[in-house]
Structure formats: structure tokens, C-alpha cells
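Read off the chains here:
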Amino acid sequence: MSKRVLLIVGGGIAAYKSLELVRLLSKSGIATTAILTKAGAQFVTPLSLSSLTGDKVYQDLFSLTDESEMGHIELSRVADLIVVAPATADLMAKAAHGLANDLASTTLLATDTPVLMAPAMNVRMWLHPATQRNLATLKGDGVTFIGPNEGDMACGEYGPGRMAEPGEIAAAIRKQLGALDAARPLAGKSALVTSGPTHEPIDPVRYIANRSSGKQGHAIAAALAALGARVTLVSGPVGVPTPPGVTFVPVETAREMLAACEAALPADIAVCAAAVADWRVADAGAEKIKKDGKDVPPLALVENPDILATLSRHPFRRPRLVIGFAAETENVVPYARAKRAKKGCDWIVANDVSPETGVMGGEDNTVILVSESGEETWPKLPKTEVAARLAARIADHFS
Ligand code: C5P
């Protein structure tokens, strides 16, 4: 089964319908892992749920075995979608307010996995302004809802509050998983992104560096991850935050960056956005160089490895698509073309980094995408937008 739902079964008479839901999902090839709340366990047994899911049923926030097998954060990460059915008034209120005092509510707070709720409660509880407020809050937070339906209720009243039927919930789940697939065209692909400057030591306290902020590289890592790619971001020292959902490998020098990149192979995609120092000091001293008032210390430089060229010409693990950057201050396109050939990469993202453009360290970038088939000039865009466009082009390339 390629898709997995984390099903949170809350405490309501409709909980029995969740058993049927698990069966329907399984028939559609969707696996289920279940969390059963304390109240939910008053309506269905862990045994019946685990028989249908074929998996352990998670119940306790503080279970030593669960924490060692799979922590509550991990639980949500392995799922493509979290489904709360029945979503009781209490579970909705907790989720809307960010309470986290049991496994279900903690899991909902500790995740960025999409959430679908199937509310089930007494009609007056549903119509109560507090529940309607919570509903609006949760919708604002991106939670989607199926139901509740109108009809006779177990409590003898009539109105909205019945949980949607298992078939309706299963259809909503399939639809949402389908939409997620469409929004994640790079799911199943792995990407390696380099970002930031490198620092090349002169002695233990001094180094050679450059003005790269890492904004563009980090934005590319975030954009690829947003399209579903598994991203390893290898970055030199930067002040920008690590995007969520990427594996971050901090490095300092070009040689460390190369080693980290090679360790991250195989990868389908490599985007080298780092401003790697071309040279390093030949013999970086182990001790601080002292001023002796007479001689200026000679700093002999040696060339650093070229990471982009190494990945592009990797004998057996060349990523299928290798993209480099060309930061130039003049003749941008001819230099970019020459760089593409010299490095052996597939695409070059060329940009003018003359000081007057404000690209280095700035928020915007104007780039020209140079590939085998020609060149494309993009308008001036925020770096995040350049990243989103590039990620979309990469997804197109693989589709
Ligand atoms: O040769 P130049 O530095 O202009 O090339 C820029 C491109 O090459 C960028 O994609 C940069 O990340 C990459 N590069 C590299 N390793 C180096 C130098 C540059 O990966 N040592």
C-alpha cells in the first residue's frame, strides 16, 4: 500500500463506523494506523481496530514502548493524511486551541501533515457558538471537513451532527490524497541542494568567505520539499533559518561540502546554489598567525574542489538533473553557457550579481535559465518565487 492514513478515533457513538472506514480504505489500497482516545475506547476496542488496521493501536501519550518504537511525532510523519473520525466537540476544541494533553491532541499539534475531520456530536453541541468558532479556526488553519450530516441522532434529537458515512469519508480521503499527489509532483524524488558561502580557514580565528546569504539556496530547498522531494540541504554558515522538512547538513569548508554532498548521493536532483570559495589557504595554520611588525604573512592559495563539476561528472552516481548557478557581473549569458559546458551540468541559473543589482544578500533575483534547449529570462522576482519557479520546472522535467 503506497498511502497511509493516521486515523484518530474519538469518543462518540459513531466510532463504530470508523471500523468500517478502515475496511473501505484497505480495499482502496490505503493503509491505516490508528490512535484511539480514552473516550474512543469506551465505544470500540483496541483489539477490533488493530484487527482491521493490521497494526498496533496507539493509545497512550506516555508509553515507554511506543516512544521507543515510534514517538508521537513520528506517528504523524509516516502518514500522508491524518483523519479524525469521529471528531468530537472536545477533540475539535483541543485542536483549535492547540491543547496537547493526550496522544491524539499532541499528535495534531506536533504535525504539519494535512488533517481531515469528520465531526460527530449532538446537534446542540454542533450548533453551539463555541464549536462553530472552533470550526472556523480549524478551517482557517487548513483543516478540511467532511460532514456532519443531518438526520436522527443516537441521542433522539434530529439535526446536523451525525458523522458522515464511512463511504463518504473514504471518498473524501481518496480525493484529498489525490489532490496531495497533484500538489507533490516530486514525491519519491530525492534532491541535494548546496547553499550559502564556505568559510576557508586562514588560521584558527580567521577565514576567507564571501557575501552569500544562503537565501536563494535555502529557498530552493524549501520549494523542492514543498513539491514532495526528499531534500538534503548542505550549507555553509548562514543566518537564515533551515526550512522545515529538509535534512540539514551544516559545513564550513568547500572540502567538507563536497564530502557531505557525496555522502548524500544517490540523488535524482542536485542544485548547487552555494557560493563555494574557489581557493583555500594552502597551509591553514594550527596557531593564530602573529603580527611581528615586519612581514606580511604570505597566504599561498590552492584551488578548492569544484562540487558542481564533481557531481556532474560523477562516474556512477551522477544525479539525473544537475543544476548550477552562475553569478556574473558582466556578459551573463555567454559566461553561463560556457560554464554549463565546462562544468558538465544540465541547467545553469544565471544571474547578474553586480553590486548595483543588490542580489547578493537581497530579497530579489533576476535570473536567466540556460539549458541545452536555449535560454529563458525570468522577470525580477523574490528569491522565494525564483525557487518556486525552478522547483516547478524541475517537476515538469521529470513528468
Ligand atoms: O565557477 P563558478 O563559481 O562561477 O560556478 C558557480 C557554480 O558552481 C555554482 O553552481 C556553484 O555552486 C558551483 N561551484 C561548486 N564548487 C566550486 C565552485 C563553484 O559547486 N568549488
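What you see is a predicted model; the values in this text were computed from it and never measured.

**Things to note about the pattern of salt bridges**
Link 1 in the chain: This model, assessed by the stated rule, comprises 16 salt bridges.
Link 2 in the chain: For Arg393, the salt bridge is made with Glu376, and the minimal N-O distance between the two is 2.4 Å. In this pair, Arg393 sits in helix 14 (residues 383-398) while Glu376 sits in strand 21 (residues 374-377), placing the two residues 17 residues apart along the sequence.
Link 3 in the chain: In this structure Arg393 comes out as partly exposed when scored by relative accessible area, which is 26%.
Link 4 in the chain: The exposure class of Glu376 is partly exposed, given its relative accessible area of 31%.
Link 5 in the chain: Beyond isolated ion pairs, a larger network of salt bridges with shared partners links Lys17, Arg162 and Glu165.

**Things to note about the side chain of Asn365**
Link 1 in the chain: By the secondary structure assignment, Asn365 is in strand 19 (residues 364-365).
Link 2 in the chain: In terms of polar contacts, Asn365 uses its side chain to reach the side chain of Gln216, at 3.1 Å.
Link 3 in the chain: Other than its neighbours up to four places away in sequence, Asn365 contacts Gln216, Asn351, Val359, Pro379, Lys380, Leu381, Lys383 and Val386.

**Quick look at the pairing of strand 5 (residues 115-119)**
Link 1 in the chain: Most of strand 5 is tucked away: five of the five residues are buried.
Link 2 in the chain: By the bridge criterion, four bridges tie strand 4 (residues 81-87) to strand 5 in an arrangement that is parallel. Residue Ala87 lies in a different strand from strand 5, and its bridge partner there is Pro119.
Link 3 in the chain: Both strand 5 and strand 6 (residues 144-145) contribute to a ladder of two bridges, which runs parallel. Bridging across to strand 6, Leu116 finds its partner in Thr144.

**Topic: the pairing of strand 17 (residues 321-328)**
Link 1 in the chain: Here strand 17 lies mainly inside the structure; seven of its eight residues are buried.
Link 2 in the chain: The pairing of strand 14 (residues 269-272) with strand 17 spans four bridges and is classified as parallel. Of the residues in strand 17, the one forming a bridge with Ala270 is Val322.
Link 3 in the chain: Since strand 17 and strand 18 (residues 347-352) lie parallel, the crossover through helix 13 (residues 332-343) that links them has a hand, and here it is right-handed.

**Some details on the domain arrangement of the chain**
Link 1 in the chain: On domain assignment, one finds that the chain holds domain 1 (3-183) and domain 2 (190-398).
Link 2 in the chain: Domain 1 and domain 2 are separated by 43 Å when their C-alpha centres are compared.

**Examining the sheet that holds strand 6**
Link 1 in the chain: Spatially, the six strands line up as an open sheet ordered 3-2-1-4-5-6, and their pairing is parallel. Edge positions in the sheet fall to strand 3 (57-58) and strand 6, since each has one partner strand and no second.
Link 2 in the chain: Summarising the sheet, strand 1 (residues 3-9) and strand 2 (residues 30-36) pair through seven bridges and their orientation is parallel. Each bridged residue has a counterpart across the sheet, and for Arg4 the counterpart in strand 2 is Ala31.
Link 3 in the chain: Running over the sheet, helix 1 (residues 15-27) touches strand 1, strand 2 and strand 4 and is turned about 175° from strand 1.

**Notes on the packing of aromatic side chains**
Link 1 in the chain: One pass over the full model with this rule turns up zero aromatic pairs.
Link 2 in the chain: When the ring centre of Trp378 is taken as reference, the NZ or CZ atom of Arg389 above it lies at 5.5 Å.
Link 3 in the chain: In this arrangement the basic side chain of Arg393 is found over the ring face of Trp347, its NZ or CZ atom lying 5.6 Å from the centre.

**Details of the site of the ligand**
Link 1 in the chain: Taken together, Cys272, Ala274, Val276, Asp278, Pro305, Asp306, Ile307, Leu308, Gly324, Phe325, Lys339 and Lys343 make up all the residues around the ligand.
Link 2 in the chain: Cys272 places a polar main-chain atom, nitrogen or oxygen, 2.6 Å from an oxygen atom of the ligand.
Link 3 in the chain: Across the complex, the protein chains shield 86% of the 440 Å² of accessible surface that the ligand would expose by itself.
Link 4 in the chain: At the level of secondary structure, the elements contributing two or more residues to the shell around the ligand comprise helix 12 (307-312), strand 17 and helix 13.
Link 5 in the chain: For the shell around the ligand, the class distribution of residues is seven nonpolar, one polar and four charged.

**Focus on unusual backbone geometry**
Link 1 in the chain: Across the junction of Gly147 and Pro148, the peptide omega takes the value 5°, indicating a cis bond.
Link 2 in the chain: Turning to its location among the elements, Pro148 is positioned in the loop between strand 6 and strand 7 (149-152).
Link 3 in the chain: Along the chain, Leu265 connects to Pro266 via a cis peptide bond; the corresponding omega equals 0°.
Link 4 in the chain: Of note, Pro266 is situated in the loop between helix 11 (254-263) and strand 14.
Link 5 in the chain: Of note, the phi angle at Asn331 is positive, near 40°, even though the residue is not glycine.
Link 6 in the chain: Mapped onto the fold, Asn331 is located in the loop between strand 17 and helix 13.

The rules we used
- Residues numbered from 1 in each chain as written.
- Predicted model: local features only at pLDDT ≥ 70, side-chain atom pairs only at ≥ 80, totals over all residues.
- Heavy atoms only, no water.
- Salt bridge = Lys/Arg side-chain N within 4 Å of Asp/Glu carboxyl O.
- Helix = DSSP H or I, 4+ residues; strand = E, 2+ residues; numbered from the N terminus.
- Buried < 20%, exposed > 50% of the residue type's maximum accessible area, 1.4 Å probe, protein only.
- Polar contact = N/O pair within 3.5 Å; in protein donor to acceptor, adjacent residues only side chain to side chain.
- Contact = heavy atoms within 4.5 Å.
- Pairing = 2+ DSSP bridges.
- Right-handed = clockwise from strand over helix to strand, strands pointing away.
- Domains from an automatic or database assignment.
- Axes fitted to C-alpha atoms, helices over the stretch in contact; angles between N-to-C directions.
- Phe/Tyr/Trp six-rings, centres within 6.5 Å; stacked < 30°, edge-to-face > 60°.
- Lys NZ or Arg CZ within 6 Å of the ring centre and 35° of its normal.
- Near = heavy atom within 4 Å.
- Areas by Shrake-Rupley, 256 points an atom, 1.4 Å probe, with all protein chains shown as cover.
- Nonpolar A, V, L, I, M, F, W, Y, C, P; charged D, E, K, R; others polar.

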